[in-house]
Every structure is written in structure tokens, then in C-alpha cells.
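Residue-level listing of the chains:
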Amino acid sequence: MVVLGAGPAGLVLGNILVDRGIDCVVLERAERTHVQTRARAGFLAAGTVRILARHGLDEGLRRHGRTHGTCEFRTEDGRFRLDYSGLGQGDPHTVYPQQDLVTDLLARYLERGGRIRFGTEAVAVRAADSDRPEVDVREADGRSGLWRARYVAGCDGRHGAARRSLPAGTVRHHRDHGVTWLGLLAEAPPSLDAVGYATHEHGFAGHMARTSDITRYYLQCERGTPADAWSEEYIWDELELRMRAREYGPLRRGRVVHRSVVDLESDVLEPLRHGALFLVGDAAGLISPSAAKGANLAVLEASILAHALIDDLTAGDSEGVDTYSARCLPHIWRAQEFSHWMIGLLHGPSGADGESLFHNSLRRARLTSLRTSRSQQDWFAEHYVGV
Ligand code: APR
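Residues numbered from 1 in each chain as written. Predicted model: local features only at pLDDT ≥ 70, side-chain atom pairs only at ≥ 80, totals over all residues. Heavy atoms only, no water.

Asker: Can you help me understand the site of the ligand in this one?
Answerer: As a structural note, the neighbourhood of the ligand is formed by 24 residues, with Glu28, Arg38, Gln98, Ala122 and Asp282 the closest of them. A distance of 2.8 Å separates an oxygen atom of the ligand from a polar atom in the side chain of arginine 38. In this structure, an oxygen atom belonging to the ligand sits 2.5 Å away from a side-chain N or O atom of glutamine 98. Against a free-state accessible area of 720 Å², the protein chains account for coverage of 92% of the ligand. For the shell around the ligand, the secondary-structure elements that each account for two or more residues are α1 (8–19), β9 (120–126) and α9 (294–315). (Near = heavy atom within 4 Å. Polar contact = N/O pair within 3.5 Å; in protein donor to acceptor, adjacent residues only side chain to side chain. Areas by Shrake-Rupley, 256 points an atom, 1.4 Å probe, with all protein chains shown as cover. Helix = DSSP H or I, 4+ residues; strand = E, 2+ residues; numbered from the N terminus.)

As C-alpha cells, then:
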């Protein structure tokens, strides 16, 4: 088995396979330190934690992760909080930085005897329609190589080799939401004991705790804004303005240690299997970060695929691999639908024309329903934490 990419998708898949004695190699373009320090998502849904626990992959997050179950909306019409872990299915999130999860997954994978090649970039997957697919690779020193396996799992993200190797006719459902966020990592303790979502005429602002001294913030910005366009002072002023710090209390400021610009985009590829090549995680579909679903979907898909491959490779039962795409797509589309709903809840056009005014009034009505309707809150909680 060849797995492309050592993110949450590739490492969960590799761990489950190796634990069941299936020979597996992970090919990762980056070096180990890069993979273990790359700051990404941090909110794990209850179902994700259960999958990780079932496969003995939850020790670090049980020890260091923090249970989280509240979000706070700050809007044109006031502030409200939802204790979502007491609503819907009653599930909380676990906050655990993705780089720590990846570090744990990697350590367990190596302990279980898994093989990994860092600095090895997959260039193309060939002969995916045969039972001996081949992966062309380029090593860090520029040498070329070739790996053969019964199956290849493309867990190499949106710009990886798996996506580039798909046959003509693969359907890509795609949506550009027309919204851009400046994602910030600040060396500052969280300012709220909740995920904060603020809507403001200047645009959206978000607050998400990561650790006791690191906080993630988001600021909506114009498409095309360079990551370094705004000074730290301007960033904090803008965060405080949009989060209405004057009314609800100042933010705890700190050094901005990382910035990235994210255009909110979603896509889903269909099908997720092409002969011997499977798509998993971001390679299978991109989901906008508004509802923190990306890593959770990646873990779910990896576990579905792992069990399908185990049945096929150890018992000759191919039903799971044959139905992999059909099993994953409904989960992916439900997550996409919720994420899309969240984008509509948190962003509106900035113009003063009739259409923009109409859209923004609908958005405020949607927030009012969420503030006042218990059934709407249950629906929100179930989808916010679920995958
Ligand atoms: N060859 C080998 N490795 C590659 C290649 C390639 N051609 N291209 C990319 N990679 C590696 C990247 O360096 C990265 O380590 O594949 C890995 C993909 O990992 P992620 O991007 O974390 O994707 P995935 O495992 O699908 O996790 C998905 O996690 O942070 C969340 O929101 C994020 O939705 C994303 C989710």
C-alpha cells in the first residue's frame, strides 16, 4: 500500500493499516520538522475523537486536549452565546492543535513499524486502472524513483499528485464563496472562553482558542490582499472594532506569529475512487474553514477507507473498497451544506444597493432564529460538532 501525504488523512490511514499487519509506506514531500510544526486546524469533533480512540491514537489529545462547547456571536443586533455541547447530540469539541495530532500520529505509526519517506514528492500516479499502479517520485536530491503497490491512497491535499493523475471525466463540484480571510496566529492567550464569531460592516472577525498562550484569529479582507498588507497594530484595532471590544471587553493582544490568506472555496471530486487510486481528505474535497470540518472529514474518510482495505487485502472482501465513494460522499455533502450555511450566516455583501441590503437582512434574520429558536440551536449543535 502506498499512501501519499503525511497529514491527518495519510497518517490515520497508515496507522490503522499497519496495526492490522498491512505493509504500508507513506511518501511525504516535506521534511519531518515541517510536517510536525505546520499550524493548521485545531477543533476535533466528538466523532473524530471516538475514531482516534478506537484505534489507540488518542493518548496525546486525551492528555493535552481541552474540551470546548461554547460559541459566542457578536452581531449588529447584540451578543449571544450557545452552549452547543448541551444542545443537539450533546457533544463537545476537543481543542488540540493539528500539528500536535500529526506529531502523535507519526510517532504511533513509526512505533507500529510503519515506513515513511520524507522529502519524497509524488509526481504522478500511473496505471491506476490496473492492479499494479505506479507512483513516480522525486527525492529531495532531485533523483527520480518509482513505487509500485496494490493500492494508492491520495492523501496529498488539494495540490497533490493524486488530483493531477485523475482520468478525464472526473467530476469536480466547485464553489468559490467570494470571501477571503486573513488567518492569524497570535502569541496571546484566548480573549474569550468561547469560539467568537463577529459580524460587522467592515466584515467578519473570528476568534478560536488553540492553547493557553496561542490564539487563532480571522479577519475578512478584500480578495487579493497580501498577507503582510496590514500592520500588527491595524490588525488588533480592526479585530477589536469588529469584535466590539468597547462593549464586551478588550482583546488580549500579542505578537502575530503567522499569517495566511485563505480564499473560501469548496469542492468535491466524484467519484473518490479511480481503479486502484483512492482520494482522501483535502484531495477528495476542500471545505471552507468556516465550520472547522476539514480535518474531521479527513479522519472519517481515512478510517472508512482503512477498514475497506483491510477487508479486501486480508479477507478478499471487496465490498468496502467498491462502495468507498458512495459511503463517504453523503458525509462530505452534509458537512459542505452546513459549512455553506455558516458562510451565509457570517458574511454579507458590503454594498448599499437593494440586493446587498436584502441579503444582509436575511443574514440577520438567520442569526435571530439561531438566537431565539431552540430547535434551530439543536440543529446547529448537531451539525457544528458532527461529521
Ligand atoms: N507528494 C507527497 N506529499 C505531498 C504531495 C506530493 N505531491 N503534495 C502534498 N503532499 C503532502 C503535504 O506536504 C502534506 O503533508 O500531503 C500532506 C497533506 O496533508 P494535509 O494538507 O494536512 O491534508 P489532509 O491530511 O487531507 O488533512 C486535511 O486538515 O488542517 C486540516 O483543514 C485542513 O482540510 C485540511 C485537513
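The discussion continues.
Asker: What's the story with the nonpolar core in this structure? I'm lost.
Answerer: The tendency in soluble globular proteins is for nonpolar side chains to be buried as a group. By size, the foremost hydrophobic cluster in this structure holds 74 residues, and its most contacted members are Met1, Val2, Leu13, Leu17, Leu52, Val135 and Leu309. Broken down by element, the residue count for this core peaks at eleven residues, all from α9. Beyond its immediate stretch of four places on either side in the chain, leucine 13 contacts Val3, Ala153, Cys155, Ala302, Leu305, Ala306 and Leu309. Ranked by size, the runner-up nonpolar core spans 31 residues in total, among them Leu82, Leu87, Trp181 and Leu345. (Core = buried A, V, L, I, M, F, W, Y, C linked by side-chain atoms within 4.5 Å. Buried < 20%, exposed > 50% of the residue type's maximum accessible area, 1.4 Å probe, protein only. Contact = heavy atoms within 4.5 Å.)

Asker: It is not clear to me how the packing of helix α12 (residues 354–372) against helix α13 (residues 374–385) should be interpreted in this structure. Could you clarify?
Answerer: A pair of packed helices is characterised by two quantities: the angle between their axes and the separation of those axes. Between α12 and α13, whose axes approach to 6 Å, the crossing angle comes to 95 degrees. Classified by the interaxial angle, the pair formed by α12 and α13 is roughly perpendicular. Residues Ser369, Leu370, Arg371 and Thr372 of α12 form the contact with α13, whose own contacting residues are Arg374, Gln376, Gln377 and Phe380. The residue inventory of the contact of α12 with α13, partitioned by class, reads two nonpolar, four polar and two charged. (Axes fitted to C-alpha atoms, helices over the stretch in contact; angles between N-to-C directions. Parallel < 35°, antiparallel > 145°, perpendicular 65-115°, else oblique. Nonpolar A, V, L, I, M, F, W, Y, C, P; charged D, E, K, R; others polar.)

Asker: Is there a simple way to explain the sheet that holds strand β4 (residues 66–68) in this structure?
Answerer: As a general point, the strands of a sheet are linked pairwise by backbone hydrogen bonds and lie either parallel or antiparallel. Taken in spatial order, the three strands of this open sheet run β3-β7-β4, and their pairing is antiparallel. Of all strands in the sheet, those with a lone pairing partner are β3 (43–44) and β4, marking the two edges. Direction of pairing for β4 relative to strand β7 (residues 93–95): antiparallel, over a ladder of three bridges. Each residue of the ladder has a partner; that of threonine 67, found in β7, is threonine 94. (Pairing = 2+ DSSP bridges.)

Asker: How do you make sense of the sheet that holds strand β18 (residues 273–274) when you look at a structure like this?
Answerer: Spatially, β8-β2-β1-β12-β19-β18 is the arrangement adopted by the six strands of the open sheet, whose pairing is mixed. Sheet topology places β8 (115–117) and β18 at the edges, where each strand pairs with a single neighbour. As paired elements, strand β2 (residues 25–27) and β8 share three bridges and run parallel to each other. When the bridges of β8 are listed, valine 25 appears paired with arginine 115.

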